[in-house]
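# Structural overview
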Amino acid sequence: MAAPCINRFALIFRSISRTALSRCNRNGGRFMCTSTGDRNPPMDTSSGPGGSASSQTSNGGYNTQRTGQGAQYSDELDNSEDLVNEVEEEEMPEETEEEYQTKQAVLKASLPFVHQYGWTKKAIVAGAESLGMPSMVHGMFPRGGAELVFYFYEESNKELESFLKQKVKELKEKDEKIKTGPFIHDAIETRLRMIIPYIDKWPQAMAIQTLPQNAVQSWTNLSRVVDDIWFYAGDKSNDFNWYTKRGSLAAIYKSTEIYLIQDRSEDYTDTWNFLENRLEDVVSAGHLARNLQETNTVLSEGAKGFCVMTRNLLGMNNR
């Protein structure tokens, strides 16, 4: 019994040490760059052409001494910068499969504690302790609650993809075509229903995702949601429509998500009605854009025909 426990502690300690060592090396190297010698290089204070001989001699000696210190400072600064570059280029050991699985298990066990502690390190500590791990395990998650939020988001995305695959498979077996509108509505509703069990703490999760340091991963997760939905809906566009479709759907998803956390209707009926109206607005806008394009084509062709007719009436085409 003791051996598995010791191995688990060693695993946690190694993961925490890797994170701490990386930070210490980077911060230590940068400190050396700014704490070696004077912060500013010496200034040239030699006298001008009009100075006295004694003044020039004195200042000349002073400058020689300061120039030597400046050269030493410059060499030490270069050496320190080289050290920082070496530290930053040094490859830390990659996370092992065992460490990854341990972190995944801790994050999964932490979700039931979100209602009590929110999307925080306290929830992660509680989840780890429920698995018999020490409280120091939170050191494996340097971003704290953000890692718990992204774990839940990514797992929900995987669940949505499985749902969409199964739905497409069932439609093919029934030899039915995918109706894009209802398909997208059901996909977004299914994905948003996954956050309902955590609806009381979801505003905190949304705030965490908007932080600058989390923006890239947040956008990546949202992009995967809308891309999966369009892919399984049968979208085959390979032009600018590929971007506009996903951008429009991302806006609908986020606006419906915001509506959801404020909805107090039974089974969130108002939210699903809101979602349906937004999808209809996009379809209407698409029809309007196509109608405008067709109208512009007709007007341009009509104007061209009018010009030709005018030229014929004036006999200009005979010239």
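Residues numbered from 1 in each chain as written. Predicted model: local features only at pLDDT ≥ 70, side-chain atom pairs only at ≥ 80, totals over all residues. Heavy atoms only, no water.

Looking now at the overall build of the protein chain. Counting its regular elements, the protein chain contains 11 helices and zero strands. Each helix and strand of the protein chain, placed in order from N terminus to C terminus, yields the pattern α-α-α-α-α-α-α-α-α-α-α. Residue burial in the protein chain is summarised as follows: out of 319 residues, 32% are buried. Long-range contacts, defined here as pairs at least 24 residues apart, represent 71% of the contacts in the protein chain between residues at least 6 apart. As displayed, the protein chain offers around 20,100 Å² of accessible surface, 56% of which is attributable to carbon and sulfur atoms. (Helix = DSSP H or I, 4+ residues; strand = E, 2+ residues; numbered from the N terminus. Buried < 20%, exposed > 50% of the residue type's maximum accessible area, 1.4 Å probe, protein only. Contact = heavy atoms within 4.5 Å. Areas by Shrake-Rupley, 256 points an atom, 1.4 Å probe, with all protein chains shown as cover.)

Counting 53 residues, the largest nonpolar core has W119, I188, W202 and I229 as the members making the most contacts within it. For this core, the secondary-structure elements that each account for two or more residues are α3 (97–110), α5 (121–130), α6 (145–173), α7 (180–193), α8 (202–209), α9 (215–232), α10 (241–260) and α11 (269–314). (Core = buried A, V, L, I, M, F, W, Y, C linked by side-chain atoms within 4.5 Å.)

Glancing now at the packing of α3 against α5. One way to put it is that α3 packs onto α5 with a least axis distance of 7 Å and a crossing angle of 110°. Judged by the angle between their axes, α3 and α5 are roughly perpendicular. Every residue of α5 that contacts α3 at V106, L107, A109 and S110 is listed here: A123, I124, G127, A128 and S130. Considering only residue class, the contact of α3 with α5 consists of six nonpolar, three polar and no charged. (Axes fitted to C-alpha atoms, helices over the stretch in contact; angles between N-to-C directions. Parallel < 35°, antiparallel > 145°, perpendicular 65-115°, else oblique. Nonpolar A, V, L, I, M, F, W, Y, C, P; charged D, E, K, R; others polar.)

Packing of α6 against α7 brings their axes to within 10 Å, and their N-to-C directions diverge by 145°. Every pair of crossing elements has a handedness; the one defined by α6 and α7 is right-handed. Contacts between α6 and α7 pair Y153, S156, N157, L160, F163, L164, K167 and V168 from the former with F183, D186, A187, T190 and R191 from the latter. Split by residue class, the contact of α6 with α7 holds seven nonpolar, three polar and three charged. (Left-handed = near helix turned anticlockwise from the far one by under 90°.)

Applying the stated criterion across every chain yields a total of nine aromatic pairs. For the ring pair F152 and Y198, a centre distance of 5.0 Å and an interplane angle of 70° mean the geometry is edge-to-face. Residue F152 is found in helix α6, and its partner Y198 is found in the loop between α7 and α8; the two are separated by 46 residues along the sequence. Judged by its relative accessible area of 6%, F152 is buried. Using a relative accessible area of 13% as the deciding quantity, one classes Y198 as buried. Ring centres of F231 and Y232 lie 5.0 Å apart, and the angle between their planes is 85°; this geometry places the pair in the edge-to-face category. (Phe/Tyr/Trp six-rings, centres within 6.5 Å; stacked < 30°, edge-to-face > 60°.)

We now examine a nonpolar patch on the surface. Taken together, F240, W242 and Y243 make up a surface patch of nonpolar side chains, about 390 Å² in accessible area. Looking at where Y243 falls in the secondary structure, it is placed in helix α10. (Patch = residues over 30% accessible without salt bridge, like charges linked within 9 Å, V, L, I, M, F, W, Y side chains within 5 Å. Salt bridge = Lys/Arg side-chain N within 4 Å of Asp/Glu carboxyl O.)

Attention now goes to the environment of I196. With respect to the helices, strands and loops of the structure, I196 is situated in the loop between α7 and α8. Taking the relative accessible area as the measure of exposure, I196 reaches 19% and is therefore buried. Filtering out sequence-adjacent residues up to four positions away, I196 remains in contact with L260, Y268 and W272.

With that out of the way, let us pick up the side chain of N157. Topologically, N157 is positioned in helix α6. Not counting chain neighbours up to four residues away, the residues in contact with N157 comprise R191, N221, R224 and V225.

With that out of the way, let us pick up α9. Relative to the 26 Å expected for 18 residues at 1.5 Å per residue, α9 spans 26 Å between its end C-alpha atoms, a close match to the ideal helical length. Turning to α9, its buried residues number three or more, namely S218, N221, L222, V225, V226, D228, I229, W230 and Y232. For α9, the elements touching its buried residues are α6, α7, α8 and α10. Count one or two residues on from α9 and you reach G234, which has phi positive near 95°. (Expected span 1.5 Å × (residues − 1).)

It is worth spelling out α8 at this point. Residues of α8 that are buried: W202, A205, M206, I208 and Q209. Buried positions in α8, seen along its axis, are confined to an arc of 160° and lie on one side of it. For α8, the secondary structure elements touched by its buried residues are α6, α9 and α10. (Arc of directions from axis to C-beta.)

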